[in-house]
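Summary of the model geometry
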Amino acid sequence: MGDSAGGNLCLGVLNLAIQKKCWIPDGLHLIYPAIVVSKTHFAPSYLLCLDDSVLSMSFLALVLECYVSKDFDNHSHYLLSPLFTPMEMLKQYPRIRMSIAGLDPLRDDAINFTSRLAKAGVDLLTVEYQYLMHAYQGQAEKNNGVEEAIKALERSVCFLKELAQPDPADC
């Protein structure tokens, strides 16, 4: 399980494990994952950064600066940007359960990635929460939280149960 940059890290490690012919997990749950890590790539949902209180343009630029060395120039490498994973590797992916925030600047990349996973025949289930923003897990407090965020968090628990066992009864 990984959210945001943690989702990117999960996918990078998965790609490396496939490349090295190592053990891979039975499944992954990705929550608003960072699918492309690049200063030059553009997706229309990036414009949401202009008015996002969590993932603003300046914060995203700072994260990119911390995440990638200034000397590194191959931002389309699949270990850094899973959107560019070769199809033959995607076909080896385990079950993927993905939660996408509809108001997230990273949304379009996640949707494009799910399209590639579907084309590769990956066992995939994706849920988009139309009115949630990046890092919505922090809005899922039981008594004062955003109702959609609470439901998304409950769905994440179900995804994890499903990935841990084939048929969780209470999901």
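Our subject is the structure listed above.
Below you will find a few notes about this structure. Residue positions are counted from 1 within each chain, in the order its sequence is given. In view of the model being predicted, local features appear only for residues whose pLDDT reaches at least 70, and side-chain atom pairs are presented and counted only at 80 or more, with totals across whole chains, interfaces and linings using the full set of residues. Side-chain numbers come from the whole structure's heavy atoms, not from hydrogens or water.

1. Points about a nonpolar patch on the surface
Counted only if it meets this: Patch definition: residues above 30% relative accessible area lacking any salt bridge, with like charges linked at up to 9 Å and the nonpolar side chains Val, Leu, Ile, Met, Phe, Trp and Tyr linked at up to 5 Å. Methods summary: accessible areas were calculated by the Shrake-Rupley approach with a probe of 1.4 Å, and residue burial reflects only the protein chains presented. Salt bridges are defined as contacts in which a side-chain nitrogen from Lys or Arg sits within 4 Å of a carboxyl oxygen from Asp or Glu. Numbering of helices and strands runs from the N terminus, with a helix taken as a DSSP run of H or I at least four residues long and a strand as a DSSP run of E at least two residues long.
A grouping of Leu9, Val13, Phe59, Leu62, Val63 and Tyr67 is seen on the molecular surface, where their side chains present a nonpolar patch of about 520 Å² in accessible area. Among the secondary structure elements, those contributing two or more residues to the nonpolar patch are helix H1 (5-19) and helix H2 (57-67). If one sorts the elements of the nonpolar patch by residue count, H2 sits on top with four residues. Inspection of the secondary structure puts Val63 in helix H2.

2. Describing the sheet that holds strand E1 (residues 2-3)
This is how the line gets drawn: Only strands joined by at least two bridges in the DSSP assignment are considered to pair.
With parallel pairing, the four strands of this open sheet are ordered in space as E1-E2-E3-E4. Where the open sheet ends on each side, the last strands, each with one partner, are E1 and strand E4 (124-129). Pairing analysis gives two bridges linking E1 to strand E2 (residues 27-31), with the strands arranged parallel. Bridge pairing in E2 links Asp3 to Ile31.

3. A few points about the pattern of salt bridges
Rules: Only protein chains enter the area calculation, which uses a 1.4 Å probe; residues under 20% of their type maximum are buried, those over 50% are exposed, and those in between are partly exposed.
Scanning all chains against the criterion turns up four salt bridges. Residue Asp123 pairs with Arg97 through a salt bridge whose shortest N-O separation is 3.0 Å. Of this pair, Asp123 sits in the loop between helix H4 (107-119) and E4 while Arg97 sits in strand E3 (residues 95-101), and the two are 26 residues apart along the sequence. Here Asp123 falls in the partly exposed class, since its relative accessible area comes to 42%. Asp108 is the salt-bridge partner of Arg107, the closest N and O atoms lying 3.1 Å from each other. Counted as one network, the salt bridges with shared partners bring together Arg97, Asp123 and Glu162.

4. Focus on the side chain of Thr114
Threshold: Contacts are assigned to residue pairs with any non-hydrogen atoms lying within 4.5 Å of each other.
With respect to the secondary-structure elements, Thr114 resides in helix H4. Taking the relative accessible area as the measure of exposure, Thr114 reaches 11% and is therefore buried. Those residues in contact with Thr114 that lie beyond four places of it in its chain are Met98, Ile100, Leu124 and Thr126.

5. Let's talk about helix H5 (residues 147-164)
For the α-helix, the turn length of 3.6 residues means that residues three or four positions removed from each other point alike. Put simply, the rule is: Expected span, for any helix, means 1.5 Å times one less than how many residues it has.
Along its 18 residues, H5 runs 26 Å from first to last C-alpha, staying within 8% of the 26 Å computed at 1.5 Å per residue. Within the sequence span of H5, burial applies to Ala149, Ile150, Ala152, Ser156, Cys158, Phe159, Glu162 and Leu163. In this fold, the buried residues of H5 make contact with E2, E3 and E4.

6. Side note on the nonpolar core
Defined as follows: Nonpolar cores were defined as sets of buried Ala, Val, Leu, Ile, Met, Phe, Trp, Tyr and Cys residues, with membership established by side-chain atoms within 4.5 Å.
Residues Leu11, Tyr93, Ile96, Met98, Phe113 and Leu117 are the most contacted members of the largest nonpolar core, which totals 23 residues. Mapped onto this core, the elements with two or more residues apiece are H1, E2, helix H3 (87-90), E3 and H4. Contact partners of Leu117, with chain neighbours within four places excluded, come to Leu90, Tyr93, Ile96, Met98, Val122 and Leu124. By size, the runner-up hydrophobic cluster in this structure holds 10 residues, among which are Ala101, Val127, Ala152 and Phe159.

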